[in-house]
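# Geometric and topological summary
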Amino acid sequence: MHTQDGKIFVNRTLDLSSIKAVGFDLDHTLVRYRRENFEALAFKKTLEKFIEAGYPEELLSLKFDPTFVIRGLLVDPVRGNILKADRYKYVKIAFHGKTPLSREERHSIYNNGTLKISNFISVDTFFALSESQLFIELVDYMDKHPGKIQKSYNEVYKELRYFIDTSHKDGSIKSQVYKSPDTYLIRDPDLPLTLRRMIDSGKKLFLLTNSEWTYTDFMLSFALNDHLDEFPSWKDYFSYIMVGSGKPDFFTNRQPFFEVMTEASEPGLLKMFSGTLEQGKVYLGGNATYFQELTGLKGDEILYVGDHIFGDIINSKGLFNWRTMLIVEELEEELKKLEQIKDDLHQVLELISKREALDENIQSLRNQLQFILKQTTSTKKSEKTSKMEEEQDKLYDKLALQESILDQLNDSIDRSIKERENMFHPVWGELMKAGLEKSKFAQQVKEYSCLYTSKVTNFRYYSPFKKFISLYDTLPHEVLLIKASTPI
Ligand SMILES: [Mg+2]
């Protein structure tokens, strides 16, 4: 039996027996990276491009810190800031470069209703982690060495985007992966059998990746070749292979398919496409409308598995009604931690309900006091009884006592939440939460993915005909009932 971290979670009921085709993204979905190594490589290669473009050589001493940036954050390139927001887009934590913003600074910039945080850049792919890490390092450098880089934060950010794209495109990063795949890629031994079980159950598999042909061929040869006798080549697993698909444009535009010449004297050469999509052949570009026409698949017969909310999930589900599964790699670690602290969460919730009761008490004391004060002011001085004054004093004392208990309670709630968050990440807390609210990232996961899990091979724990049922589309009043019967 699998543990929590092997679970597939359900946002929207999905019956696998009605799924005819399962599509996969490649990077961080079918093949996972050794992220610390890969991001450090991207950081270094991009930094080298800065130096080539004439930036100060001492930038080479900037170090990649794999622990600071997490997915789900937002970059504000104009101000040089990085933020975490909850699902109401309320900014809960903010840094300028590597310096935390005070509560007041944070509120005056972000939470007074004048800025739209939707204009900021979401750190929603793993590839974006090294990019944002490098950005905050550069902002920090610019602040500490004024005048050395005579550009705005926003200009530097634009150049960073360009340099990082170039490093991915010109082979600076890929050549290192080709040289030493085990340093950068994870070989998941369960992948071949997981895919084979789906094929045996009558489902067609397809690959839909933005990566280009040569890199795709390398990555999947590494992950799948020569594992199973019936599938000697990775291409044998997939009914349709689509590379360079330019998602999300694959779902929004009408770009044509091309056939990629894989055996030709010049591999990678493109040929105009006509006819049908054939197994064993490789296609580039294309679009979802044409794909469905050519394969006869309806939107809800397709399950697409990817790790990028924006590129893989939002449009495939929203525009084509594909069913979706989001890979959230971080869940593996976060679930282990949640398991460790589940009792703490109950404690925090108990403290919060105590605070509510106390709050009500204080309100009622204030009402009583107001009533007595009204009485005493309307009563003539001579008629004021010592009893009235005594009662008034008593109420004041009671109120003061209750208010000091409330202060202590607030402190311990804040402390417990902070401790809880520290368990996950000392700066940003839990990926799916901002304080006790759902994070913006969590809100997107809930809204756009039918299923989510930490890795593709978690499918191996479930029947290929499994009906995943969503039980937890709950309103606050229903949570009480669930809590009574299930541990959190
Ligand atoms: Mg991906």
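Scroll up a little and you will see the structure.
Keep in mind the model is a prediction, meaning the values are calculated, not measured.

### Let's talk about the overall build of the protein
- Looking only at helices and strands, the protein has 16 helices and 21 strands in total.
- Dimensions along the principal axes, computed over C-alpha positions, put the protein at roughly 110 × 60 × 40 Å.
- For the protein, with 488 residues in total, the buried portion stands at 33%.
- Look at the contacts in the protein between residues 6 or more apart in sequence, and 74% of them connect residues 24 or more apart.

### Regarding the environment of Tyr 88
- By the secondary structure assignment, Tyr 88 is in the loop between strand S6 (81-85) and strand S7 (91-96).
- What makes Tyr 88 exposed here is the crowd of 10 C-beta atoms within 10 Å.

### Structural notes on the packing of helix H13 (residues 342-378) against helix H14 (residues 386-424)
- Running from N to C, H13 and H14 cross one another at 160°; their axes reach a closest spacing of 9 Å. One finds that H13 runs roughly antiparallel with respect to H14. Crossing of H13 against H14: the hand is left-handed.
- Considered class by class, the residues forming the contact of H13 with H14 number 16 nonpolar, eight polar and eight charged.

### A word on unusual backbone geometry
- Between Lys 247 and the following residue, Pro 248, the backbone shows a cis peptide bond with an omega angle of 5°.
- For Pro 248, the position within the fold is in the loop between strand S12 (240-243) and helix H9 (249-252).
- At His 28, a residue that is not glycine, the phi angle is positive and equals roughly 70°.
- You can see His 28 is positioned in the loop between strand S3 (21-24) and strand S4 (32-33).
- Residue classification places His 28 among the buried residues on the basis of 20 C-beta atoms within 10 Å.
- Residues other than glycine seldom take positive phi values, yet Asn 321 does so here, at roughly 60°.
- Within the element layout of this structure, Asn 321 appears in the loop between helix H11 (309-320) and strand S17 (323-327).

### Let's talk about the pairing of S12
- Taking every second residue as pointing to the same face, both faces of S12 are buried, with Tyr 240 and Met 242 on one and Ile 241 and Val 243 on the other.
- Inspection of the sheet shows strand S11 (residues 204-208) paired to S12 by three bridges, in the parallel sense. Within S12, the residue paired with Phe 206 across the bridge is Tyr 240.
- Bridge analysis of S12 against strand S15 (residues 282-285) gives three bridges, and the strand direction is parallel. Directly across from Met 242, in S15, lies its bridge partner Tyr 283.

### Focus: the sheet that holds S12
- The strand order across the open sheet built from 10 strands is S1-S20-S17-S16-S3-S11-S12-S15-S13-S14, with neighbouring strands paired in mixed fashion. Bordering the open sheet on either side are strand S1 (9-10) and strand S14 (269-272), each of which pairs with just one other strand.

### Concerning the pairing of S11
- The pairing of S3 with S11 spans four bridges and is classified as parallel. Looking at S11, one finds that Ala 21 is bridged to Lys 204.
- At this point the chain moves from S11, through helix H8 (residues 213-224), to the parallel S12, and the crossover so formed is right-handed.

### Some words on the sheet that holds S7
- In spatial order, the strands read S8-S7-S6-S5-S9; together these five strands make up an open sheet with antiparallel pairing. Whereas interior strands pair on both sides, the edge strands pair on one side only; in this sheet they are strand S8 (99-100) and strand S9 (121-122).
- Of the pairings in the sheet, the one linking strand S5 (residues 74-76) to S9 comprises two bridges and is antiparallel in character. Following the sheet pairing, Leu 74 is matched in S9 by Ser 122.

### Description of H8
- If you check H8, its first and last C-alpha atoms are 16 Å apart, about what 12 residues at 1.5 Å a residue would give, namely 16 Å.
- For H8, the set of buried residues is Trp 213, Thr 216, Asp 217, Met 219, Leu 220, Ala 223 and Leu 224.
- Count one or two residues on from H8 and you reach Asp 226, which has phi positive near 60°.

The rules we used
Residues numbered from 1 in each chain as written. Predicted model: local features only at pLDDT ≥ 70, side-chain atom pairs only at ≥ 80, totals over all residues. Helix = DSSP H or I, 4+ residues; strand = E, 2+ residues; numbered from the N terminus. Buried ≥ 20, exposed ≤ 12 C-beta atoms within 10 Å, placed from the backbone. Contact = placed C-beta atoms within 7 Å. Axes fitted to C-alpha atoms, helices over the stretch in contact; angles between N-to-C directions. Parallel < 35°, antiparallel > 145°, perpendicular 65-115°, else oblique. Left-handed = near helix turned anticlockwise from the far one by under 90°. Nonpolar A, V, L, I, M, F, W, Y, C, P; charged D, E, K, R; others polar. Pairing = 2+ DSSP bridges. Right-handed = clockwise from strand over helix to strand, strands pointing away. Expected span 1.5 Å × (residues − 1).

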